[in-house]
Amino acid sequence: MARGRGLKPGLHVRCGVVLPIVRLRRSSEGPESGPRTAAAGPRRPGLARLGTRWPSLPAVLATLLCGCGDRPPPPLPAFDGAAALETAREFVALGPKDSGTPGAARAAEWIRARLVAAGWEASIDEFRDGPPGGELTFRNVVASRRGAGPGIVVFGAHYDTKSGIPDFEGANDSASGVAALLEIARVYARSAPPCEVRLAFFDGEECRVAYGPHDGLHGSRRLARRAVDEGWARDVRAVLILDMIGDRDLTVTLPRNGTPALLSAVFDAAHAEGVRDRFRLAPGQVLDDHVPFLEAGMPAVDLIDFEFGSAPGLNDHWHTPADSLDKLSADSLAIVSRVALRTAAAVASGR
Ligand SMILES: [Zn+2]
């Protein structure tokens, strides 16, 4: 299958989710052309520093070839993909959630109420930060639950929508991740998590102009800093970011800038779930909510399908009105969520 179609070398600098080594779009798409020029700036210095820690080719091959074992996988609690899809539908119906707008504030409260209804204690962490164009109020929604073993696993997803795109629904970017995390909350409410679990719904993942210290990743930078300041960063065994995971034509393109042991754990979990063919290593790095945690020394990985397009290998639905509910499937939401749950169980047990 022509999975590689559309891949072109070069630095991806368009404001949005990513800053990978490889562009995943054709150069001719209209809606992307303006912002891409405006966003063409230097790479984030933090990302350049992190470059030395990305897995080498031998490490990557070792990850891909890792022994997954033939033991039958232990059972996981049931994850309801259809319920997650319905949650995504309801979240999209709330309307745009651009950071700093009443829509984003409503979305944060909606998420908090859903978590409470699922039996979690949840709170909204409100803070100010200054992207280009003026300081904004951001709101992370956070919840935690104690589990059987030591250590902490963080599941994260951003809920803000990209601004400046007429008729943008953000079904995959961001409702899919929100819906998956809310369903994971219900799973862990029914059956105790394998260790302490924190759920983080980030505001301000999307940048306004170009990613930088004060533009984009506001919510994840905030929580990573809090984890260090409050002293629980050292207990974090995994930060699992779920972003753009609902595409009917699912290919999870794991960015290379993930912690190698976690990448290996994700591939093992995908193998155990019988969905290994839906996961592969991306050709480049991705700038997403996992990066602030990596920079703060926590193991982190980004579960993202950055081939969200009209044909295999393309990403032409991303940040366009084509990012709509009809592109999502319950199966894809369940596949990625179950792999995340199985990865969490594995790192919690030290496997
Ligand atoms: Zn986005």
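Being a predicted model, the structure only gives us computed values, none of them experimental. (Residues numbered from 1 in each chain as written. Predicted model: local features only at pLDDT ≥ 70, side-chain atom pairs only at ≥ 80, totals over all residues.)

Enquirer: Please clarify how the overall build of the protein chain should be interpreted in this entry.
Expert: Counting secondary structure elements, the protein chain contains ten helices and ten strands. Expressed as a percentage of its 351 residues, the buried residues of the protein chain come to 53%. For the protein chain, contacts bridging at least 24 residues in sequence account for 79% of all contacts bridging at least 6. (Helix = DSSP H or I, 4+ residues; strand = E, 2+ residues; numbered from the N terminus. Buried ≥ 20, exposed ≤ 12 C-beta atoms within 10 Å, placed from the backbone. Contact = placed C-beta atoms within 7 Å.)

Enquirer: Whenever I open this one, the pairing of strand β7 (residues 236–243) confuses me. Can you help?
Expert: It is a general feature of regular strands that their side chains alternate between the two faces of the sheet. β7 sits mainly inside the fold: eight of its eight residues count as buried. Pairing of strand β5 (residues 149–158) with β7 involves five bridges; the strand directions are parallel. Residue pairing across strands places Val154 opposite Val239, the latter belonging to β7. (Pairing = 2+ DSSP bridges.)

Enquirer: Before we go on, may I ask you to explain the nonpolar core in this structure?
Expert: One recurring pattern in soluble globular proteins is that nonpolar side chains are buried together. Membership of the largest hydrophobic core comes to 91 residues, with the highest contact counts inside it found for Val153, Leu181, Leu240, Leu242 and Val266. Broken down by element, the residue count for this core peaks at twelve residues, all from helix α10 (residues 330–348). Those residues in contact with Leu181 that lie beyond four places of it in its chain are Phe155, Ala157, Leu199, Phe201 and Leu242. (Core = buried A, V, L, I, M, F, W, Y, C linked by C-beta atoms within 7 Å.)

Enquirer: Quick question: what am I supposed to make of the sheet that holds strand β10 (residues 300–304) here?
Expert: In any sheet, the strands associate via hydrogen bonds between backbone groups, in a parallel or an antiparallel arrangement. Pairing within the open sheet is mixed, and its six strands lie in the order β3-β4-β6-β5-β7-β10. Each end of this open sheet is capped by a strand with a single partner; those strands are β3 (121–129) and β10. The mean angle between the axes of side-by-side strands here comes to 20°, regardless of whether they run parallel or antiparallel. Against the sheet, helix α5 (residues 102–117) engages β3, β4 (136–145) and β6 (195–202), with an angle of about 10° to β4. Each of β3, β4, β5, β6 and β7 is contacted by helix α7 (residues 218–229), which is oriented at about 55° to β4, the strand it contacts most. (Axes fitted to C-alpha atoms, helices over the stretch in contact; angles between N-to-C directions.)

Enquirer: Got a minute to help me understand unusual backbone geometry in this structure?
Expert: Across residues other than glycine, the phi torsion is negative in most instances, and most of the peptide bonds are trans. Phi is positive for Asp167, close to 60°, though the residue is something other than glycine. Looking at where Asp167 falls in the secondary structure, it is placed in the loop between β5 and α6 (171–190). The phi dihedral of Met244 falls on the positive side, at around 55°, and the residue is not glycine. Overall, Met244 belongs to the buried group, with 29 C-beta atoms counted inside 10 Å.

Enquirer: Before we go on, may I ask you to explain the packing of helix α4 (residues 81–93) against α6 in this structure?
Expert: In contact at an axis separation of 8 Å, α4 and α6 are set at 130° when each is read in the N-to-C sense. Overall, the two elements α4 and α6 adopt an arrangement that is oblique. As α4 packs across α6, the resulting crossing turns out to be right-handed. Packed against α4, whose contacting residues are Ala83, Ala84, Leu85, Thr87, Ala88, Phe91 and Val92, the element α6 presents Ala171, Ala175, Ser176, Val178, Ala179, Ala180, Leu182 and Glu183 at the interface. When grouped by side-chain class, the residues that make up the contact of α4 with α6 number twelve nonpolar, two polar and one charged. (Parallel < 35°, antiparallel > 145°, perpendicular 65-115°, else oblique. Left-handed = near helix turned anticlockwise from the far one by under 90°. Nonpolar A, V, L, I, M, F, W, Y, C, P; charged D, E, K, R; others polar.)

Enquirer: Hey, could you run me through α10 in this one?
Expert: Every α-helical turn comprises 3.6 residues, leaving residues that sit three or four positions apart pointing alike. Taking 1.5 Å per residue as the helical rise, α10 with its 19 residues ought to reach 27 Å, and the 27 Å between its terminal C-alpha atoms agrees with that figure. When you tally the buried positions in α10, you get 17 out of 19 residues, the bulk of the element. (Expected span 1.5 Å × (residues − 1).)

Enquirer: It is not clear to me how α6 should be interpreted in this structure. Could you clarify?
Expert: Helix length check: α6 (20 residues) gives 27 Å between terminal C-alpha atoms against 28 Å at 1.5 Å per residue, within 8%. The buried fraction of α6 amounts to 17 of the 20 residues, a majority that puts the element mostly inside the structure.

Enquirer: Any chance you could explain the environment of Ala345 here in plain terms?
Expert: By the element assignment, Ala345 lies in helix α10. Between the alpha carbons of Ala345 and Cys195 there is a distance of 8.0 Å; along the sequence they are 150 residues apart.

Enquirer: I keep staring at the pairing of β4 and nothing clicks. Help me out?
Expert: Where β3 meets β4, nine bridges bridge the pair, whose relative direction is antiparallel. Counted as the bridge partner of Ser123 is Val142 from β4. The turn linking β3 back onto β4 is made up of six residues, and Gly133 within it adopts a positive phi angle of 100°. Judged from the five bridges that link them, β4 and β6 form a sheet pairing that is antiparallel.

Enquirer: Help me understand the packing of helix α8 (residues 260–272) against α10 in this model?
Expert: Between two packed helices, the angle of one axis relative to the other and the distance separating the axes together describe the packing. At a closest axis distance of 8 Å, the pairing of α8 and α10 adopts a crossing angle of 120°. Taken together, the axis directions place α8 and α10 in an arrangement best described as oblique. Here α8 and α10 pass one another in a crossing that is right-handed. Contacts between α8 and α10 involve Ala265, Val266, Asp268, Ala269, Ala270 and Ala272 from the former and Val339, Arg342, Thr343, Ala346 and Val347 from the latter. Broken down by class, the residue content of the contact of α8 with α10 amounts to eight nonpolar, one polar and two charged.

Enquirer: Which parts of the structure should I look at to understand the confidence of the model for the protein chain?
Expert: Close reading of the predicted structure is inappropriate where its pLDDT is low. Summing up the model confidence of the protein chain, the mean pLDDT is 84 and the portion of residues at 70 or higher is 79%. Taken as a whole, residues 1–53 scores under 50 in pLDDT and shows 93 contacts with residues more than four places along the chain or in a different chain. For the stretch residues 60–69, pLDDT sits under 50, and the model shows 16 contacts to residues farther than four places along the chain or on other chains. (pLDDT = per-residue confidence, 0-100.)

Enquirer: What exactly am I supposed to notice about the environment of Pro96 here?
Expert: Structurally, Pro96 can be placed in the loop between α4 and α5. Contact partners of Pro96, with chain neighbours within four places excluded, come to Thr101, Gly103, Thr161 and Phe168.

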